[in-house]
Amino acid sequence: MRFRITKNNEGSIYSMIVSGEIDDDAGWDVLQIAQTMLNMPHCTELIIDLRSAMIDEDVTIFNTDTLVSVFEEGLLRKDSTLVIRCFDDHEIRLSSDQQLLETPEKFTNVGINEAKFYGRVMKWLEKEARFMIN
């Protein structure tokens, strides 16, 4: 197995082009290197290109369950994307899409009687919702 690592001019998009034969051990090595690259502070997108690699039939690590378990923590730390390009131009894309949350609108001042009234209504709706589920 051989791979080449490139990055764009801004240094935010990294590519890992893998060639040669990949067995289970080599596949785990690729995922470990990719995990380290995705955790780098400037890396916002990582592309793993497996189109020129020959993957053994016994290799099962390039499925979505394994990929999510390996890259979940890194994707949750910062806004980033992982793209895995497979043969036949299929691709798997995992993206955190951590966009800034909108600030909530400010609270308004209401009288105590009005607050009690809406509090009773909310409790009633909560009970009704429980009855509807059961």
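Before reading further, recall that the structure is shown in the block above.
Here the structure is a predicted model, which means the values were calculated and not measured.

Caption draft 1: Inspection of the sheet that holds strand β2 (residues 13-22) at higher detail. Taken together, five strands build an open sheet; the order of strands is β1-β2-β3-β4-β5 and the sheet is mixed. Lying at the two open borders of the sheet, with one neighbouring strand each, are β1 (2-7) and β5 (91-95). This sheet shows a mean twist of 10 degrees between the axes of neighbouring strands, independent of strand direction. Inspection of the sheet shows strand β4 (residues 81-85) paired to β5 by five bridges, in the antiparallel sense. Residue pairing in the sheet places threonine 81 in a bridge with serine 95 of β5. Of the strands in this sheet, β1, β2, β3 (45-55) and β4 are in contact with helix α1 (residues 24-38), which crosses β2 at around 175 degrees. Running over the sheet, helix α2 (residues 64-77) touches β4 and β5 and is turned about 30 degrees from β5.

Caption draft 2: Region of the structure containing the pairing of β2. Across six bridges, the pairing between β1 and β2 is antiparallel. Within β2, the residue paired with threonine 6 across the bridge is serine 15. What sits between β1 and β2 in their antiparallel hairpin is a turn of five residues, with glycine 11 showing a positive phi close to 80 degrees. Relative to β3, β2 runs parallel, the two sharing nine bridges. Across the sheet, serine 15 pairs through a bridge with isoleucine 47, a residue of β3. The parallel pair β2 and β3 is bridged by α1, and the resulting crossover is right-handed.

The rules we used
- Residues numbered from 1 in each chain as written.
- Predicted model: local features only at pLDDT ≥ 70, side-chain atom pairs only at ≥ 80, totals over all residues.
- Heavy atoms only, no water.
- Pairing = 2+ DSSP bridges.
- Helix = DSSP H or I, 4+ residues; strand = E, 2+ residues; numbered from the N terminus.
- Axes fitted to C-alpha atoms, helices over the stretch in contact; angles between N-to-C directions.
- Contact = heavy atoms within 4.5 Å.
- Right-handed = clockwise from strand over helix to strand, strands pointing away.

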